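Overview (structure and organization)
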Amino acid sequence: MSTTDQLLQNARAYADRFTEGSLPLPPAQHVAVLACMDARLDPQALLGLELGDAHVIRNAGGVVTDDELRSLAISQRLLGTTEIILIHHTDCGMLTFTDEDFAEAIAADTGSRPGWGTARAFGDLDDDVRASIARIREEPSIPHKDSVRGFVYDVADGTLREVAA
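Quick summary incoming for the structure in this document.

1. A word on the nonpolar core
Counting 31 residues, the largest nonpolar core has Leu72, Ile84, Leu86, Ile87, Ile136 and Ile142 as the members making the most contacts within it. Breaking this core down by element, the ones donating at least two residues are strand E1 (31-36), helix H3 (66-79), strand E3 (83-89), helix H5 (125-138) and strand E4 (148-153). Looking at this core element by element, the count peaks at six residues for E1. When near neighbours in sequence (up to four residues on either side) are disregarded, Leu72 contacts Ala32, Ile57, Ile84, Ile136 and Ile142.

2. Concerning H5
Taking 1.5 Å of rise per residue, 14 residues should cover 20 Å, and H5 covers 20 Å from first to last C-alpha, within 8% of that figure. Its buried side turned inward, H5 meets H3, E3, E4 and strand E5 (160-163). Its side-chain oxygen at 3.1 Å from the backbone nitrogen of Asp126, Asp124 defines the N-terminal cap of H5.

3. Some remarks on the pairing of strand E2 (residues 54-59)
In E2, alternate side chains face the same way, and those of His55, Ile57 and Asn59 are buried while those of Ala54, Val56 and Arg58 on the opposite face are not. As defined by bridge partners, E1 adjoins E2 across six bridges and the pair is classed as parallel. Within E2, the residue paired with Cys36 across the bridge is Asn59.

4. Describing unusual backbone geometry
Trans is the common state for peptide bonds, and a negative phi is the common state for residues other than glycine. Phi angles above zero are rare outside glycine, and His30 is one such case at about 55°. Note that His30 resides in the loop between helix H1 (3-16) and E1. At Asp91, a residue that is not glycine, the phi angle is positive and equals roughly 55°. With respect to the helices and strands, the residue Asp91 is situated in the loop between E3 and helix H4 (99-110).

5. As for the packing of aromatic side chains
By the definition in use, this model includes three aromatic pairs. Here the aromatic rings of Phe97 and Phe102 are separated by 5.3 Å at their centres, their planes lie at 45°, and the arrangement is tilted. Judged by its relative accessible area of 25%, Phe97 is partly exposed. Relative to Trp116, the ring of Phe102 lies with its centre 6.3 Å away and its plane at 35°, an arrangement referred to as tilted.

6. Quick look at the sheet that holds E4
Within the open sheet, the five strands sit side by side as E2-E1-E3-E4-E5. Their pairing is mixed. Strand pairing shows two members of the sheet lacking a second neighbour, E2 and E5, which therefore form its edges. In this sheet, adjacent strand axes meet at a mean angle of 25° when their direction is disregarded. Contacts from H3 reach E1, E2 and E3 within the one sheet, and its direction differs from that of E2 by about 175°.

7. Concerning H3
Here H3 spans 19 Å end to end across 14 residues, near enough to the 20 Å set by a 1.5 Å rise per residue. Of all the residues in H3, the buried ones are Glu68, Leu69, Ser71, Leu72, Ala73, Ser75, Gln76 and Leu79. Where H3 is buried, its residues touch E1, E2, E3 and H5. One or two steps after H3, the chain reaches Gly80, where phi turns positive at roughly 80°.

What counts, and at which threshold
- Residues numbered from 1 in each chain as written.
- Predicted model: local features only at pLDDT ≥ 70, side-chain atom pairs only at ≥ 80, totals over all residues.
- Heavy atoms only, no water.
- Core = buried A, V, L, I, M, F, W, Y, C linked by side-chain atoms within 4.5 Å.
- Buried < 20%, exposed > 50% of the residue type's maximum accessible area, 1.4 Å probe, protein only.
- Helix = DSSP H or I, 4+ residues; strand = E, 2+ residues; numbered from the N terminus.
- Contact = heavy atoms within 4.5 Å.
- Expected span 1.5 Å × (residues − 1).
- Polar contact = N/O pair within 3.5 Å; in protein donor to acceptor, adjacent residues only side chain to side chain.
- Pairing = 2+ DSSP bridges.
- Phe/Tyr/Trp six-rings, centres within 6.5 Å; stacked < 30°, edge-to-face > 60°.
- Axes fitted to C-alpha atoms, helices over the stretch in contact; angles between N-to-C directions.

See the structure below:
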């Protein structure tokens with residue numbers, strides 16, 4: 001059985017025991033979380049969030065791209081969130097390469113550079129968290145900027161450390 005088939009079997013079992021019913025569309029805690037997609041980071045468990053509490057947006061590195069800005073604008077303007085939490089983490093793969101080297105490797109393998117631009121790799125966790133906070137605060141489509149905070153999760157001990165903006 002493939003991993004996908006096993007996960008689909010898990011989804012059927014989840015649906016059989018599903019008791020949440022129809023939750024409201026806006027997140028109950030009025031918060032959006034942008035975090036890295038790393039499998040060692042579970043934002044819901046880390047922050048004690050339940051189903052329906054928050055919008056959780058994930059990507060490689062938890063970087064603030066145009067798509068994340070779009071999602072945050074929708075989250076705030078249409079669905080009532082007023083706070084944003086950013087979570088990067090230690091031992092992140094985004095610290096292990098440069099955008100140029102990655103693009104060159106893809107070009108060597110496929111014959112062309114990626115059409116989606118750069119991977120947005122970074123060399124320092126705290127600096128990237130601060131840059132991400134600044135990018136959100138500079139975005140005119142995001143109305144609520146009073147509570148944009150950034151953190152670094154330590155994958156070795158499970159702690160969360162706030163990064164001063």
